[in-house]
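Descriptive analysis of the structure
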Amino acid sequence: MRLRSFNLAAAVGLPLVLAGCATNAEYSTKVAGFATVDAKVSTAATKKSVWIQNRAQADKVNAEVKALLKRKTIDADTAVQIALLNNKGLQAAYADLGDASADAWQATLFLNPTVSIGTTGIGAPELEAYRAIEGLITTNILALLTRDKTIAIADARFRQAQLSAALSTLQLAAETRRAWIEAVAAWETVGQLNQAQAAADASSELAAKLGETGAMGKGNQAREHVFNAELAGQAAEARLSARLAKENLTRLMGLWGADVDYQVPNRLPDLPKALARKDSIEAEALKRRVDLQIARLDLEAVAKSYKLTEATRLVTDLELVAGAEAEREQEDHGTKVETTGQFELEFVIPIFDSGSARMRKAELAHMRSANLLAEKAVNIRSEARSAYEAYRSRHEIARHYRNNVVPLRTKIEEEATLSYNGMITSTFELLADVRAKVNSTVLSVNAKRDFWLADADLVTAINGGGSGGSAEAAAAPAAAEASGAGH
């Protein structure tokens, strides 16, 4: 009796159970979808990233970071690579990709059937001659009918999560490169300020000696002393800014302890001899921007959700109930056992809720995603044009300081030195010319810094990963204590 009833229930539920065992290998691996992320990052940032899953991988990555830090100075590419390997926030972002892959994997699995078993006649003396065991299996037929649509939505969200992980990686790479540029510019600026400080010290000391002999009045002495004092305050401010700039770079690279003793160069790279031509900058950005691809996938997922809502507008719950009932009845000639099958179909009658409200919400969500995608496409075109305009203009400005302003200041200083040696120019006029040249050199460093920041912004405008920063925004003055080898 029990064997027959359970066999019938198993015959109904076995196909569903076996079907649920089928999994999608793309979603079920520990690093599901990460190959796509690494490929996009390698193309855009020319660097690799790693999704750390175990202690062995963590030890290997730590060894790579230690090897990179053994270099005498950290260039921009090395800083970016260390950040992509060592930044723990990036590893947390990759966990979101794992969540999306698990959701997509879950969508490929059939819903588990619900099994219920019951008996009648137990403990009732008047029913001693009658016993029944009932077994039922319930499954959601609507979920089976809409399974393909559900899988398609989950797959679109999974691919969107892949691009989101790639975008987070590109953002970290862009922020690290900008932080490296600002830190190096700080050390180059502080070197120029140290030269100005030396000239101010000499001028202040000479003024004090001339004042002792009566050759200089107290007013003129005060002018030289106050300039020296103000410059000392500016130098202290510059040293603080430089330390903070390097600390920001350290934070992005995920370093701590003894690893923070790395060095960066004392000066930025020279300006490139020729600029990159971008005749189709807008088309290139529309093709490669990761955030635009994410918006497209969002629209795709919303469209699929809209179709699913449309398919389930009237019937939101449809369940099939199948099972068997075994009855035992005591008769004069012995015990009679009879087994009968049971099939039921349960669904909600849409009398009051016809699904119109859900359809309206789905329609509005689709319209919202479509408009956001269109807006992003317009903004990306504008960002690409603006980034390229800043890139070209910043290069011209930096070249102007390098080729015109600094050479003229150098010429003035040289002529002042000759005049001083010929007893034509006074000492204070010579020192003033030296200070003016240093100021022009600092402006030249700032112009070069702004160009390299604009160069980094151009890359993010094409590939994605920008954090809202722009080369047009004036970077905070960065400087620190000068050092011969690096900082």
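Throughout, residues of each chain are indexed from 1 in the direction in which the sequence is written. This being a predicted model, a pLDDT of at least 70 is required before a residue's local features are given, and a value of 80 or more before pairs of side-chain atoms are given or counted; all residues contribute to the totals for chains, interfaces and linings. Water and hydrogen atoms play no part in the side-chain values, which are based on all heavy atoms of the structure.

1. Overview of the overall build of the protein
Formally: Strands are runs of DSSP state E lasting at least 2 residues, helices are runs of H or I lasting at least 4, and numbering of each runs from the N terminus. Between two residues, a contact is recorded if the distance between any of their heavy atoms is within 4.5 Å. In these tables, accessible area is a Shrake-Rupley quantity obtained with a 1.4 Å probe, and a residue counts as shielded only by the protein chains included in the view.
Helices and strands together make up the secondary structure of the protein, namely 13 helices and four strands. Taking all contacts inside the protein whose residues are at least 6 apart in sequence as the whole, residues at least 24 apart take part in 81%. Accessible surface, the protein as shown: approximately 26200 Å² in total, 55% of it carbon and sulfur.

2. A word on the side chain of Q162
Take Q162: it is sitting in helix α8 (residues 147-213). Setting aside anything within four residues of it in sequence, one finds Q162 in contact with G33, T36, V37 and L97.

3. So, the pattern of salt bridges
A side chain with one charge can pair with a side chain of the opposite charge if their charged atoms come near. Keep this limit in mind: Salt bridges, as used here, are contacts in which a Lys or Arg side-chain nitrogen is within 4 Å of a carboxyl oxygen on Asp or Glu. Each residue is assigned to one of three classes by its accessible area relative to the maximum for its type, calculated with a 1.4 Å probe on protein chains only: buried under 20%, partly exposed between the two thresholds, exposed over 50%.
Scanning the model with the defined rule gives 19 salt bridges in all. Across the salt bridge formed by R385 and E282, the nearest N and O atoms sit 3.3 Å from each other. Taken together, the positions of R385 in helix α12 (residues 356-421) and E282 in helix α10 (residues 281-288) put the pair 103 residues apart, joining distant regions of the chain. Assessed through its relative accessible area of 43%, R385 is described here as partly exposed. Take E282: its relative accessible area is 21%, and that puts it in the partly exposed class. The residue E284 makes a salt bridge to R288 at a minimum N-O spacing of 3.0 Å. Of this pair, E284 and R288 both sit in helix α10, four residues apart, which is roughly one turn of that helix.

4. Observations concerning the nonpolar core
Our working definition: Each nonpolar core is a collection of buried residues, namely Ala, Val, Leu, Ile, Met, Phe, Trp, Tyr and Cys, held together in the definition by side-chain atoms within 4.5 Å.
With 78 residues, the main nonpolar core has V37, I82, W180, L249, M253 and Y262 as its most contacted residues. Among the elements that take part in this core, α8 stands out by supplying 19 residues, more than any other. When near neighbours in sequence (up to four residues on either side) are disregarded, V37 contacts Y94, L97, Q162, A165, A166 and T169.

5. Regarding the packing of aromatic side chains
Put simply, the rule is: Note on ring pairs: Phe, Tyr and Trp rings are taken, using the six-membered ring of Trp, and paired if centres are within 6.5 Å. Classes follow the plane angle, with under 30 degrees stacked, over 60 edge-to-face and the rest tilted.
For the structure shown, the criterion picks out six aromatic pairs. Ring geometry for Y388 versus Y391: centroids 6.0 Å apart, planes at 25°, classification stacked. Taken as a pair, Y388 and Y391 lie in helix α12 at a separation of three residues, close to a single helical turn. A relative accessible area of 13% means that Y388 is categorised as buried. When its relative accessible area of 4% is taken as the criterion, Y391 is described as buried. A network of ring pairs unites the aromatic residues Y388, Y391, F451 and W452 as a single cluster.

6. Overview of the environment of I412
Residue position: I412 is located in helix α12. Assessed through its relative accessible area of 38%, I412 is described here as partly exposed.

7. Here's the deal with the packing of helix α4 (residues 55-69) against helix α5 (residues 76-86)
The condition that has to hold: Only the contacting stretch of a helix is used when fitting its axis, a line to C-alpha atoms as for every element, and angles between N-to-C directions run 0 to 180 degrees. Roughly parallel covers angles under 35 degrees, roughly antiparallel covers those over 145, roughly perpendicular covers 65 to 115, and oblique covers all other angles. By the definition used in this description, the sense in which the near helix is turned from the far one sets the handedness, with an anticlockwise turn below a right angle giving left-handed and a clockwise turn giving right-handed. We call Asp, Glu, Lys and Arg charged. Ala, Val, Leu, Ile, Met, Phe, Trp, Tyr, Cys and Pro are nonpolar, and the rest, Gly among them, are polar.
Their axes nearest at 10 Å, the elements α4 and α5 cross at an angle of 160°. As summarised for this structure, α4 and α5 are arranged roughly antiparallel, according to the angle between their axes. Handedness of the α4/α5 crossing: left-handed. Contacts from V61, N62, E64, V65, L68 and L69 in α4 reach T78, Q81, I82, L85 and N86 in α5. Of the residues that constitute the contact of α4 with α5, the class distribution is six nonpolar, four polar and one charged.

8. Observations regarding α10
Defined as follows: The arc in question is the one traced by the directions running from the helix axis out to the C-beta atoms.
By the burial criterion, the buried members of α10 are I281, A285 and L286. Projected down its long axis, α10 shows its buried positions confined to an angular sector of 130°, all on one face.

9. Structural notes on the environment of Q263
Position of Q263 among the secondary structure elements: in the loop between α9 (218-253) and α10. We classify Q263 as partly exposed; its relative accessible area is 26%. A sequence separation of 79 residues divides Q263 from V184, and the C-alpha atoms of the two residues are 9.7 Å apart.

10. Observations concerning helix α3 (residues 34-45)
The condition is simple: By this rule, a helix spans an expected 1.5 Å times one less than how many residues it contains.
Under the 1.5 Å per step criterion, the end-to-end length of α3 is 16 Å for 12 residues, consistent within 8% with the ideal 16 Å. Looking only at α3, the buried set comprises F34, V37, V41, A44 and A45. Within α3, the buried residues cover an arc of 100° as seen down the axis, which keeps them to one side. Those residues of α3 that are exposed and angled more than 90 degrees off the buried face are A35 and T43. Where α3 ends, the next residue or the one after it, T46, has phi of about 55°, a positive value.

11. Section: the confidence of the model for the protein
Using the following cut-off: Note: pLDDT gives the predictor's confidence per residue, expressed from 0 to 100.
In this model, the protein carries a mean pLDDT of 74, and residues with pLDDT of at least 70 account for 61%. Confidence, expressed as mean pLDDT per element, reaches its minimum in the protein at helix α1 (residues 2-19) with 38 and its maximum at α5 with 93. For the stretch residues 420-425, pLDDT sits under 50, and the model shows eight contacts to residues farther than four places along the chain or on other chains. The low-confidence segment residues 468-485, where pLDDT is below 50, has 58 contacts with residues more than four positions distant or belonging to other chains.

12. A short note on the environment of S101
In plain terms, the rule: Counted as a polar contact is a pair of N or O atoms within 3.5 Å, where, for protein atoms, one must be capable of donating a hydrogen and the other of accepting one, and residues adjacent in sequence contribute only when both atoms are in side chains.
For S101, the position within the fold is in helix α6 (residues 88-108). Considering only alpha carbons, one finds S101 and Q162, 61 residues apart in sequence, at a separation of 9.1 Å. Of the polar contacts made by the side chain of S101, one reaches the backbone oxygen of G98; its length is 2.7 Å.

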